[in-house]
Amino acid sequence: MMTEVISVISGKGGVGKTTLTANLADALTKQHKSVLVIDANISGANLGLHMNILNPEADLNSVLSGKSEIANAIYSHASGFHVIPASLNMASENMRGFKDVISGLVGHFDFILIDTAAGADNEVKEAIAASDSVLIVTNPEIPAVSNAALVKRLASNLGKPVKGIVVNMSRGEYLELSDMDIIKFLGENIISKIPYHDDVKQSIVLGKSVLDYKSTSPPSVEITSLSRKLCGLEEQKDSIFKTLASKIPGLNR
Ligand SMILES: Nc1ncnc2c1ncn2[C@@H]1O[C@H](COP(=O)(O)OP(=O)(O)O)[C@@H](O)[C@H]1O
Ligand SMILES: [Mg+2]
């Protein structure tokens, strides 16, 4: 089985990486793909909370420190995908060895999604290095987008392609950066634009994916579309702005 390993990264925290990773795992599963989600945010894990996996016996931390077998750290989620959580305790482990963990998992799933910490620290670097490509999550505002440029550079230094930018929590307000601003600044396409919606918050409170909470909610529709693009079932439009930006010196940072 061909496995695609994708890291979900961002420059700034709180942009919605963990929420997106959890919902995307569910959306891909609904497209009949086998999915493993890994919490690689070993210093600030919270994917398990979205998955209702609390105090797991084995987790990524105990695997990295050699205390557990990888097979014991893989949990089945009721929605049909699999999860490797990380520890909520202060992590003393480091991500050295993460690439080997991934190597042992490749071939067993269609997709491996890796939720990461924010920023371009070593923890994130190891996750990107173990991936085939990255999804960059940002909000449509200057601090998030300018920090996104840092992780974009990290991915490109590691030779990993950017699948696209996910603009999350868009409210359509006039103060937001436009799609064109974001594409020009980052020199990458927007693969998905997910609106801000209370249904996302409500679904977290209920311990469900937003798709299971309300499949017709605008974020659910958009995340489904993103999952179909990742499966090659829906076309990913190459923006004319990206093409333009790549031709104008100084625009593509
Ligand atoms: N599309 C959205 N609409 C509304 N709230 C959202 C959306 N995406 C994420 N959130 C909220 O933002 C908070 C932070 O998201 P999280 O996934 O933890 O960010 P990160 O992992 O990037 O730090 C979540 O608790 C969630 O309530
Ligand atoms: Mg997170």
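Quick note: structure is the one above.
Right, let's walk through the structure included here. Quantities reported herein were computed from a predicted structural model and do not represent experimental measurements.

We now examine the overall build of the chain. For the chain, the helix and strand inventory stands at 11 helices and 8 strands. Taken over C-alpha atoms, the radius of gyration comes to 17 Å for the chain, in line with the 18 Å a tight globule of 253 residues would show. Referenced to the eigenvectors of the C-alpha coordinate spread, the extents of the chain come out at roughly 50 × 40 × 35 Å. Within the chain, contacts between residues at least 6 apart in sequence are counted, and of these 76% link residues at least 24 apart.

If you walk across this open sheet you meet the 8 strands as S3-S4-S2-S5-S1-S6-S7-S8, and the pairing is mixed. For this open sheet the edge positions go to strand S3 (75-76) and strand S8 (190-195), each flanked by a neighbour on one side alone. The sheet contact formed by strand S1 (residues 4-9) and strand S5 (residues 111-115) spans 5 bridges and is parallel. Residue pairing for S5: Val-5 is matched across the bridge by Ile-112.

Now for the packing of helix H1 (residues 17-30) against helix H10 (residues 218-230). With their axes 9 Å apart at the nearest point, H1 and H10 run at an angle of 65° to one another. Viewed along their axes, H1 and H10 form a crossing whose handedness is right-handed. Packed against H1, whose contacting residues are Asn-23, Leu-24, Ala-27 and Leu-28, the element H10 presents Ile-223, Thr-224, Leu-226, Ser-227 and Leu-230 at the interface. Among the residues making up the contact of H1 with H10, the classes are represented as 6 nonpolar, 3 polar and no charged.

Attention now moves to the site of ligand 1. Neighbouring ligand 1 are 17 residues; Gly-16, Lys-17, Thr-18, Thr-19 and Val-200 lie closest to it. Elements that contribute at least two residues to the shell around ligand 1 include exactly H1, strand S7 (162-170) and helix H8 (198-205). Of the residues belonging to the shell around ligand 1, the class tally is 7 nonpolar, 8 polar and 2 charged.

Of note, the phi angle at Asn-52 is positive, near 60°, even though the residue is not glycine. As for its placement among the helices and strands, Asn-52 is situated in the loop between helix H2 (47-50) and helix H3 (60-64). Phi at Asn-55 is positive, roughly 45°, even though this residue is not glycine. Along the polypeptide, Asn-55 turns up in the loop between H2 and H3.

If you look at soluble globular proteins, the nonpolar side chains tend to sit buried side by side. Val-37, Leu-113 and Ile-136 are the most contacted members of the largest nonpolar core, which has 68 residues in total. Residues in contact with Val-37, not counting those within four places in the same chain, are Thr-21, Ala-22, Ala-25, Leu-47, Phe-81, Val-83, Leu-113 and Asp-115.

Let us now look at the environment of Met-1. Mapped onto the fold, Met-1 is located in the segment before S1. Along the sequence, Met-1 and Phe-98 sit 97 residues apart, while their C-alpha atoms lie 21 Å from each other. Leaving out residues up to four positions away in the same chain, Met-1 has contacts with Gly-107, His-108 and Asp-110.

Cut-off values and rules
- Counting restarts for each chain, with residues numbered from 1 along the sequence as it is written.
- For naming, the first written chain is A and the first written ligand is 1, with later ones following in the order written.
- Since the coordinates come from a predicted model, pLDDT governs what is reported: local features require at least 70, and pairs of side-chain atoms require 80 or more to be given and counted, while whole-chain, interface and lining totals use all residues.
- Counting from the N terminus, the helices are DSSP H or I runs at least four residues long and the strands are E runs at least two residues long.
- Our radius of gyration looks at C-alpha atoms and nothing else; its globule reference is 2.2 Å times the residue count to the power 0.38.
- Placing a C-beta atom from the backbone of each residue, one calls two residues in contact when those atoms lie within 7 Å.
- Whether two strands pair depends on DSSP finding at least two bridges between them.
- For helices, the axis comes from a line fit to the C-alpha atoms of the stretch in contact; other axes are also lines fit to C-alpha atoms, and the angle between any two N-to-C directions lies between 0 and 180 degrees.
- Less than a right angle of anticlockwise turn of the near helix away from the far helix marks a crossing as left-handed, whereas a clockwise turn marks it as right-handed.
- Residue type decides the class: Asp, Glu, Lys and Arg count as charged, Ala, Val, Leu, Ile, Met, Phe, Trp, Tyr, Cys and Pro as nonpolar, and the leftover types, Gly among them, as polar.
- Nearness between a residue and a molecule or strand is assessed with a C-beta atom placed from the backbone; a distance within 6 Å qualifies.
- Note on terminology: a nonpolar core is any set of buried Ala, Val, Leu, Ile, Met, Phe, Trp, Tyr and Cys residues joined through C-beta atoms within 7 Å.
- Residue burial here comes from a neighbour count, namely the number of other C-beta atoms, placed from the backbone, that lie within 10 Å of the residue's own C-beta, with 20 or more meaning buried, 12 or fewer meaning exposed, and in between meaning partly exposed.

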